[in-house]
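# Results of the structural survey
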Amino acid sequence: MEPGTLAAAMFTDTRIDIAETELHELEQALEALGHPRFHARQIFQWVYRRGVTDFALMSDLGRDLRAQLAATCVITTPAVERQERSEDGTTKLLLRMADGKHIESVYIPDTPAQTFCISTQVGCAMKCVFCLTGKMGIDRNLTAGEIAGQVRVLAR
């Protein structure tokens, strides 16, 4: 083993990230843990329809399953670092992703559909002179789970 590899392995989070997992993958993981596959649909409903990321609140799952999920799974969601609200109620959020990178998302309440403006990338390739994000250039694309996580944060 190369130097530093053991230390890195000791701190690697090996839990299943439900935010980055497709339904069929979660069904397989639950089956491997000894639980029926249909619980995956229930979990997805909690996360993607209700925005719940705390397993303890998923009341239609048994206590043992909720405890096992808390020990073996995670639902990564961006953390709000800063929030700015304008006079019209528009709210801009600076979000920190799991890897420490930052993105911005905006909630615009005064529209017929209550608009969310979400990021799909860390950084921006447009290079607009007036925009700090544009000046930093493009860093990486966001995953589907990170994009859905922004929606969970904005919906709250």
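Details of the structure are given in the entry above.
So, here's what we can say about the structure.

Quick notes on the rules
Residues numbered from 1 in each chain as written. Predicted model: local features only at pLDDT ≥ 70, side-chain atom pairs only at ≥ 80, totals over all residues. Heavy atoms only, no water. Axes fitted to C-alpha atoms, helices over the stretch in contact; angles between N-to-C directions. Helix = DSSP H or I, 4+ residues; strand = E, 2+ residues; numbered from the N terminus. Parallel < 35°, antiparallel > 145°, perpendicular 65-115°, else oblique. Left-handed = near helix turned anticlockwise from the far one by under 90°. Contact = heavy atoms within 4.5 Å. Nonpolar A, V, L, I, M, F, W, Y, C, P; charged D, E, K, R; others polar. Pairing = 2+ DSSP bridges. Salt bridge = Lys/Arg side-chain N within 4 Å of Asp/Glu carboxyl O. Buried < 20%, exposed > 50% of the residue type's maximum accessible area, 1.4 Å probe, protein only.

### Description of the packing of helix 2 (residues 23-32) against helix 3 (residues 39-49)
- Running from N to C, helix 2 and helix 3 point in directions that differ by 125°, and their axes come no closer than 8 Å. With respect to helix 3, the element helix 2 is oriented oblique. Judged by the twist between their axes, the crossing of helix 2 over helix 3 is right-handed. Residues L23, L26, E27 and L30 of helix 2 form the contact with helix 3, whose own contacting residues are H39, A40, R41, I43 and F44.
- Along the lines of polarity and charge, the residues of the contact of helix 2 with helix 3 split into six nonpolar, one polar and two charged.

### Focus on the sheet that holds strand 4 (residues 91-96)
- Read from one edge to the other, the open sheet built from four strands follows the order 3-4-5-6, with strand pairing classed as antiparallel. With one partner strand each, in any of the chains shown, strand 3 (79-85) and strand 6 (115-117) form the two edges of the open sheet. On average, adjacent strands in this sheet sit at an angle of 20° to one another, irrespective of strand direction.
- Pairing of strand 5 (residues 102-108) with strand 6, which is carried by three bridges, proceeds in the antiparallel orientation. Pairing of Y107 across the sheet is with F116, part of strand 6.
- Along the sheet face, helix 6 (residues 144-155) touches strand 3, strand 4, strand 5 and strand 6 and points at about 45° away from the line of strand 5.

### Some thoughts on the pattern of salt bridges
- Considering all chains together, one arrives at 10 salt bridges under this definition.
- Across the pair R140 and E146 runs a salt bridge whose closest N-O atoms are separated by 2.9 Å.
- Accessibility expressed as a relative area gives 13% for E146, which makes it buried.
- Salt bridges sharing partners connect three or more residues here, namely E27, E31, R37 and R41.

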